[in-house]
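Here are the chains, one letter per residue:
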Amino acid sequence: MSTAAPQSTGSRALAHPAREEIRLEAVLHALSDPMRLAVVREMAAAGDAELSCSAFELPVTKSTSTHHFRVLRESGVIEQVYRGTAKLNGLRRADLDALFPGLIDRVLDAAARQAARLDG
């Protein structure tokens with residue numbers, strides 16, 4: 001996915017912060033929620049692949065799921081674009097790594113270690 005700010009496909013434009021507008025506090029807030037962290041972990045595992053919202057099986061209502069994706073997008077953690085009728089999601093790893101080197105890798109590593117500790 002690109003690192004451009006807003007994505008536009010006619011009336012289906014989604015606002016994204018430009019790289020220089022991404023704030024550490026917003027990123028940490030977005031990653032502090034277990035559902036949003038699970039989404040980011042799944043996106044990181046998918047690499048550069050764009051995943052539709054329906055690819056994520058979250059144990060919450062559709063409106064709550066939409067809220068979580070909006071928080072991730074507005075904080076600059078993910079990018080969302082419409083491709084036809086599907087809203088596709090991708091991790092803004094390049095932007096996050098440029099602004100906060102190592103942050104995403106450390107958060108993902110800590111989340112994996114916590115999951116192993118709690119599941120084992």
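An account of the accompanying structure is given in this report. (Residues numbered from 1 in each chain as written. Predicted model: local features only at pLDDT ≥ 70, side-chain atom pairs only at ≥ 80, totals over all residues. Heavy atoms only, no water.)

Section: the packing of helix α1 (residues 24-31) against helix α3 (residues 62-75)
Helix-helix packing: each pair is described by the crossing angle between the helix axes and the interaxial distance. Filter applied, for reference: As a rule, the C-alpha atoms of each element are fitted with a line to give its axis, helices using only the stretch in contact, and angles between N-to-C directions run from 0 to 180 degrees. Helix and strand assignments come from DSSP, with helices taken as H or I runs of at least 4 residues and strands as E runs of at least 2, each series counted from the N terminus. Roughly parallel here means an angle under 35 degrees, roughly antiparallel means over 145, roughly perpendicular means 65 to 115, and every remaining angle is called oblique. Helix crossings are classified by the rotation of the near helix relative to the far one: an anticlockwise turn of less than a right angle makes the crossing left-handed, while a clockwise turn makes it right-handed. A contact between two residues is defined here by any heavy atoms of the two lying within 4.5 Å. Throughout, the ten residues Ala, Val, Leu, Ile, Met, Phe, Trp, Tyr, Cys and Pro are labelled nonpolar, Asp, Glu, Lys and Arg are labelled charged, and all others, Gly among them, are labelled polar.
Here α1 crosses α3 at 160 degrees, and the two axes come no closer than 9 Å. Overall, the two elements α1 and α3 adopt an arrangement that is roughly antiparallel. Classified by chirality, the crossing of α3 by α1 is left-handed. Where α1 abuts α3, its residues Ala26, Val27, His29 and Ala30 lie against Val71, Leu72 and Ser75. Grouping the amino acids of the contact of α1 with α3 by side-chain chemistry returns five nonpolar, two polar and no charged.

A look at the pairing of strand β2 (residues 78-83)
Put simply, the rule is: With a 1.4 Å probe rolled over the protein chains alone, any residue whose accessible area is under 20% of its type maximum counts as buried; one over 50% counts as exposed, and the rest are partly exposed. Here, a strand pair is defined by DSSP locating no fewer than two bridges between the strands.
Among the six residues that make up β2, five are buried, leaving the element largely enclosed by the rest of the structure. Bridging between β2 and strand β3 (residues 86-91) involves six bridges; their strand directions are antiparallel. Paired with Val81 across the two strands is Leu88, which belongs to β3.

Quick word on the pattern of salt bridges
Stated precisely, the cut-off is as follows: The term salt bridge refers to a side-chain nitrogen of Lys or Arg lying within 4 Å of a carboxyl oxygen of Asp or Glu.
If you walk through the whole model with that rule in mind, you get eight salt bridges. Close ionic contact of Arg23 with Glu25 constitutes a salt bridge, the shortest N to O distance being 2.5 Å. Between Arg92 and Asp95 there is a salt bridge, and its shortest N-O distance comes to 2.8 Å. For Asp95, a relative accessible area of 0% puts it in the buried group. Put simply, Arg19, Arg92 and Asp95 are held in one network by salt bridges that share partners.

Here's the deal with the layout of surface pockets
Put simply, the rule is: Think of a 1 Å grid over the protein atoms and nothing else: a 1.4 Å probe that fits but is trapped marks a cavity, an open set flanked by protein within 12 Å on at least five of seven lines marks a pocket, and residues with an atom within 4 Å of a point count as lining. Grid points are joined across faces, edges and corners, and a volume is the space filled by probe spheres set on the points.
Taken as a whole, the largest pocket encloses approximately 280 Å³ of empty space. Looking at the lining of the largest pocket, its residues break down into six nonpolar, six polar and four charged.

Here's the deal with α3
Heads up, the rule is: Expected span of a helix, by definition, is 1.5 Å for each gap between consecutive residues, and there is one gap fewer than residues.
Taking 1.5 Å per residue as the helical rise, α3 with its 14 residues ought to reach 20 Å, and the 20 Å between its terminal C-alpha atoms agrees with that figure. Buried within α3 are the following residues: Ser65, His68, Phe69, Val71, Leu72, Arg73 and Ser75. If you follow the buried residues of α3, they end up packed against α1, α2 (34-46), β2 and β3. The positive-phi residue at the C-terminal boundary of α3 is Gly76, with phi of around 95 degrees.

Description of the packing of α2 against helix α5 (residues 103-119)
Contact geometry of α2 with α5 gives a least axis separation of 11 Å together with a crossing angle of 110 degrees. Judged on the interaxial angle alone, α5 and α2 are roughly perpendicular. Judged by residue contacts, Leu37, Val40, Arg41 and Ala44 of α2 engage Val107, Leu108, Ala111, Ala112 and Ala115 from α5. Of the residues in the contact of α2 with α5, the class split is eight nonpolar, no polar and one charged.

Just distances and angles here, no functional claims.
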